[in-house]
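A look at the structure
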Amino acid sequence: MINSLQGSAVAGDVDREQALQCLNLVLGRYPSRYHLNPTLNKYFIATSRSEQTFGPGVEALRGYFSSVRPTVNGLTCNINLCTSAFMKPGSLLDVMNEIIIKAGDRHFEVLERTLTKIKVTYDYTGTPTMRTIYKVETKTAGEAKFTKNGEDITVQDYFLQAYNRKLTNPDRYVVNLGSRNREILVPPEFCTIVPGQRYRGSSRHFTAEMIKFAKMPAAASRNRILTEGMETLGHLRPRDTVLKDQFGIEVSKMMLVVKGRILCSPQLSYKNSTFRPEVGRWQLSEVKFLRSIPKIKVAVIIWDPIAIRRDLIQEFYGELKIACEKYGLVMETDPKILLGTDIDKHLQLAVQKQCDMALFVLGTKDRKIYANVKRMGDIVYGIPTLCLQFKTCIDRNHDPATLANIAMKLNSRFGGLNHALSHTPTFLRQKVMILGMDLTHASAGSLPGAPSIAGVVASVDGNYSLYLASMKLQTAKDAGQGELRKMTLERLRVWHEKNDGSLPDAILAYRDGVSEGEYEMVLNEELPQIEAACKDAVMELYNRPHTIKITLLVVGKRHHTRFYTKHTPSQNPAVGTTVDEGITDPLGIDWYAQTHACPAPATAKPAHYILLKDENQLSKQAIQEMTYSLCYLYSRCPLAVSICPPARYADLLCERGRCYIYDVLNPDYQVLKDTQQNAQQGATAEERQNNLHRAKQATWGRAMQLWGEGVHSAIRGTMFYI
């Protein structure tokens, strides 16, 4: 088994994934006994809870991720800090009261979302019993009734008569600790939430607080792993002799030392200057965009004209106009000001007045409003939209960086060119089309059968800054991109159109959003679709033989590898740090690259690149340097980004697609509840299966209705998604 994981030829037929699972079970034997282990390879310390609460009944715990990794240096144990939201253990009644107070009119929805499937112990007889909350009932203990000895009795009266327990809070909802067919109705004051349960509700409203809680400087992160982390996992002292005595496994108490290289940052060209950024970021104070677009005619839509002052918005627009003109981007002097909350009406007026863009000033961060604006603008009316928060506009000392970012975004959306590489990497000087691919799935809380969204972006010229897009809906939860062949062919047609009727000689593809277990799927299911699309394009657009060679990489973001500099442990590795030895996979070609300047105080997270196919026979160094250079061509800010732009754009594209079917992915709670209940009805398993199938068909129909014909033809040839 060990030989298999180290890539030995004598390994035989040992399954690599199963071998890893076995070793992780062995290493997890000790920490799973003494710490919270709600999910695979993660162990949380119950005493690590934050003083800050993140919502009613919710707390954050720190813990440690641990996983065995095969590398060229042998087996290693990948240990990293992790953070997660948990249900706060203790009185269920206290949590219920907190939710009722804080959630207001939505309290019952929040109660159901938060408490359903939570384990509690209940005790009103002196013998604690553990059960799972099947449902929060809509009636209180004083209202809810059941039949006892042929007579109806309220829960409140039953507990008084049967157990001589007078309820202190009979006005609180009872919980069903049984099932749909066998109810066990219990007042919350007798229930205690069991420790160690992950929070199941939506974390969107406290995501920023969680990130802040999880942030830790590099030195502190390193020291905590070597002390508390090793202690928690049982490696600091011989807590569990079984690990060494029976399995012959011992984890070193020191971090593995590996060599890295710092790649040279590329030289960038603007219209009036050329320079080489030093630390992955640069200022736009004295530069002009390489190619600016003609004058933009803008409609400014103030969402809440009562709460949002028009004069402040006009003042902000004036400052934005001045900033844009500094970079060579011209905006008209007097924008059309529209007031009110009717998105349809205002976008229709903006189109009638031949505006190039609609700028929405929103009073709140309402995701539903934002999604509706994007769907109406992108699909219905074909007009670019930009949404800004009112608080961004009223700051008297507007941050020049914010104005610069807006200017970059606008110029790129309308086909301008912000900047370019002064020296294009050798391979990219040929006829190369760069692809970015991603796939996003529906999350918990979506309607049954909610579709997945597949997206592809592709470069169209030798500047590698403009990436046009294709996007499709596909059947829910399919791991691979079933529509990839069609979307790649669409991109090849556009490339052909914009390059004097030629086709690329090579494709450089970056696939985002796949886990290690899905690499084979990418090779066996997605790569053949790209190859088939290339053949389709040659047959359709060429009258002579032509081969398009493909280089395919996966971009990994959800990993736990971190680097700490040996001589300056208080600092993150320098921008451009690349590690391709020591911890890489023994059976393939991969590397880690930290291409961004990590803001303090935080530990930098490198991107992980895995080369799956290389028909262009590029050297590893050439691919690394080329990928690093691309990270400086991001169109939304003057920064080198953490993953190369094609992959990042594909991710943004799929997020935009989620806006189009927002009502399917984020339905109103009552709609979701009714749909789920209807899907579960039926006397037999077959009837319930048929009802579920009909519910999924209805969901697909609704999604297709919202999606319509896809992105409007008026903006399809732009980077509308950024």
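Whatever comes next refers back to the structure up there.
An account of the accompanying structure is given in this report. Not measured: the values here are computed from a predicted model. (Residues numbered from 1 in each chain as written. Predicted model: local features only at pLDDT ≥ 70, side-chain atom pairs only at ≥ 80, totals over all residues. Heavy atoms only, no water.)

**Describing the overall build of the chain**
A count of helical and extended segments in the chain gives 21 helices and 30 strands. Its C-alpha atoms give the chain a radius of gyration of 29 Å, within 12% of the compact-globule value 27 Å for 722 residues. For the chain, the residues scored as buried account for 52% of the 722 residues in total. Within the chain, contacts between residues separated by at least 24 positions form 70% of all contacts whose residues are at least 6 apart in sequence. For the chain, the accessible surface area stands at approximately 33,900 Å², while carbon and sulfur atoms represent 48% of it. Taken as two groups, the 89 positive and 73 negative side-chain charges of the chain have centres that lie 2 Å from each other. (Helix = DSSP H or I, 4+ residues; strand = E, 2+ residues; numbered from the N terminus. Rg over C-alpha atoms; globule rule 2.2 N^0.38 Å. Buried < 20%, exposed > 50% of the residue type's maximum accessible area, 1.4 Å probe, protein only. Contact = heavy atoms within 4.5 Å. Areas by Shrake-Rupley, 256 points an atom, 1.4 Å probe, with all protein chains shown as cover. Lys, Arg positive; Asp, Glu negative; His and termini not counted. Charge placed at Lys NZ, Arg CZ, Asp CG, Glu CD.)

**Notes on empty space enclosed by the protein**
Think of a ball as big as a water molecule: rolled over the atoms, this probe shows where empty space is left. Under the criterion given, the structure shown has four cavities of 30 Å³ or more. Quantified by volume, the largest cavity comes out at close to 100 Å³. Around the largest cavity sit 14 residues that line it, and Gly 416, Leu 417, Asn 418, Ser 465 and Ser 635 are the ones nearest its centre. Partitioning the lining of the largest cavity into residue classes produces five nonpolar, seven polar and two charged. (1 Å grid on protein atoms, 1.4 Å probe; cavity = no way out; pocket = protein on both sides within 12 Å on 5 of 7 lines; lining within 4 Å. Points joined across faces, edges and corners; volume = space filled by probe spheres on them. Nonpolar A, V, L, I, M, F, W, Y, C, P; charged D, E, K, R; others polar.)

**Brief notes about the nonpolar core**
By size, the foremost hydrophobic cluster in this structure holds 102 residues, and its most contacted members are Tyr 510, Tyr 609 and Tyr 721. By size, the runner-up hydrophobic cluster in this structure holds 41 residues, among which are Ala 60, Val 95, Met 96 and Ile 100. (Core = buried A, V, L, I, M, F, W, Y, C linked by side-chain atoms within 4.5 Å.)

**Overview of the sheet that holds strand β29 (residues 589-594)**
Spatially, β15-β28-β29-β30-β27-β26-β23-β24-β25 is the arrangement adopted by the nine strands of the open sheet, whose pairing is mixed. At either margin of the open sheet sits one strand with a lone partner, and together these are β15 (261-262) and β25 (467-474). Helix α16 (residues 519-541) contacts β23 (432-440), β26 (506-512), β27 (549-556) and β30 (607-614) of the sheet and is inclined by roughly 145 degrees relative to β27. The sheet contacts of helix α18 (residues 645-660) involve β23, β24 (452-459), β25, β26 and β27, and relative to β23 the element is tilted by about 45 degrees. (Pairing = 2+ DSSP bridges. Axes fitted to C-alpha atoms, helices over the stretch in contact; angles between N-to-C directions.)

**Description of the side chain of Thr 595**
Inspection of the secondary structure assignment puts Thr 595 in the loop between β29 and β30. On the basis of relative accessibility, which here comes to 3%, the residue Thr 595 falls in the buried class. A polar atom in the side chain of Thr 595 sits 2.6 Å from the backbone oxygen of Val 641. At 3.3 Å, the side chain of Thr 595 forms a polar contact with the backbone oxygen of Ser 642. Those residues in contact with Thr 595, other than ones at most four positions away along the chain, are Val 575, Gly 576, Tyr 628, Cys 631, Ala 640, Val 641, Ser 642 and Ile 643. (Polar contact = N/O pair within 3.5 Å; in protein donor to acceptor, adjacent residues only side chain to side chain.)

**Points about the packing of helix α4 (residues 92-103) against helix α5 (residues 107-115)**
Relative orientation of the contacting elements α4 and α5 amounts to 140 degrees, with a least axis distance of 8 Å. Between α4 and α5, the crossing angle belongs to the class labelled oblique. Along this stretch, α4 crosses α5, giving a crossing that reads as right-handed. Contacts from Leu 92, Val 95, Met 96, Ile 99, Ile 100 and Ala 103 in α4 reach His 107, Val 110, Leu 111, Thr 114 and Leu 115 in α5. (Parallel < 35°, antiparallel > 145°, perpendicular 65-115°, else oblique. Left-handed = near helix turned anticlockwise from the far one by under 90°.)

**Observations regarding the environment of Ile 507**
Following the sequence through the fold, Ile 507 ends up in strand β26. Separated by 325 residues in sequence, Ile 507 and Arg 182 place their C-alpha atoms 60 Å apart.

**Some details on the pattern of salt bridges**
Across all of its chains, the model carries 21 salt bridges by this definition. Glu 516 is the salt-bridge partner of Arg 69, the closest N and O atoms lying 2.3 Å from each other. Residue Arg 69 is located in strand β4 (residues 58-71), and its partner Glu 516 is located in the loop between β26 and α16; the two are separated by 447 residues in the primary sequence. Among the residues examined, Glu 516 registers a relative accessible area of 40% and is labelled partly exposed. (Salt bridge = Lys/Arg side-chain N within 4 Å of Asp/Glu carboxyl O.)

**Observations concerning helix α21 (residues 685-707)**
Counted at 1.5 Å a residue, the expected span for α21 with its 23 residues is 33 Å, and the 33 Å between its end C-alpha atoms agrees. Taken as a whole, α21 has its buried residues at Asn 691, Ala 695, Thr 699, Ala 703, Leu 706 and Trp 707. Residue Gly 708 follows α21 closely and has a positive phi angle near 60 degrees. (Expected span 1.5 Å × (residues − 1).)

**Points about the side chain of Thr 577**
Mapped onto the elements, Thr 577 comes out in strand β28 (residues 577-579). On the basis of relative accessibility, which here comes to 11%, the residue Thr 577 falls in the buried class. Here Ala 574 takes part through its backbone oxygen, which lies 2.6 Å from a polar atom of the side chain of Thr 577. Apart from the residues lying within four places of it in its own chain, the contact partners of Thr 577 are Arg 261, Ile 262, Tyr 592, Ala 593 and Gln 594.

**Thoughts on unusual backbone geometry**
Residues other than glycine seldom take positive phi values, yet Asn 164 does so here, at roughly 55 degrees. Take Asn 164: it is sitting in the loop between α6 (155-163) and β12 (173-176). Of note, the phi angle at Gln 617 is positive, near 55 degrees, even though the residue is not glycine.

**Let's talk about the packing of helix α15 (residues 484-498) against α16**
At a minimum axis distance of 8 Å, the contact between α15 and α16 shows a crossing angle of 40 degrees. Between α15 and α16, the angle is such that the two are oblique. Relative to α16, the crossing made by α15 is right-handed. Seen from α15, the contacting residues are Leu 484, Arg 485, Thr 488, Leu 489, Leu 492, Arg 493 and His 496; seen from α16, they are Glu 526, Gln 529, Ile 530, Ala 532, Ala 533, Cys 534, Asp 536, Ala 537, Glu 540 and Leu 541. For the contact of α15 with α16, the per-class residue count stands at nine nonpolar, three polar and five charged.

**Examining the sheet that holds strand β9 (residues 135-140)**
Taken in spatial order, the three strands make up an open sheet running β9-β12-β13, and their pairing is antiparallel. In the strand order of this sheet, the two ends are held by β9 and β13 (185-186), each with one partner. Here two bridges tie β12 to β13, and the two strands are oriented antiparallel to one another. Looking at β13, one finds that Asn 176 is bridged to Leu 185. Of the strands in this sheet, β9 and β12 touch α5, which is tilted by about 145 degrees from β9.

**Notes on the layout of surface pockets**
Quantified by volume, the second largest pocket comes out at close to 1,300 Å³. As for the second largest pocket, its lining consists of 44 residues, of which Met 255, Leu 256, Val 257, Val 258 and Ile 583 are closest to the centre. Element by element, the count of residues in the lining of the second largest pocket is highest for strand β5 (residues 74-87), at six residues. Partitioned by chemical class, the residues of the lining of the second largest pocket number 26 nonpolar, 11 polar and seven charged.

**A look at the pairing of strand β21 (residues 385-389)**
Among the five residues that make up β21, five are buried, leaving the element largely enclosed by the rest of the structure. Neither face of β21 is open: one carries Thr 385, Cys 387 and Gln 389, the other Leu 386 and Leu 388, and all of them are buried. Note: strand β20 (residues 357-362) against β21, five bridges, orientation parallel. Each residue of the ladder has a partner; that of Val 361, found in β21, is Leu 388.

**Some details on the pairing of β5**
Of all 14 residues in β5, 10 are buried, a share of seventy percent or more. Summarising the sheet, β4 and β5 pair through 14 bridges and their orientation is antiparallel. What sits directly across from Leu 61, in β5, is Ser 84.

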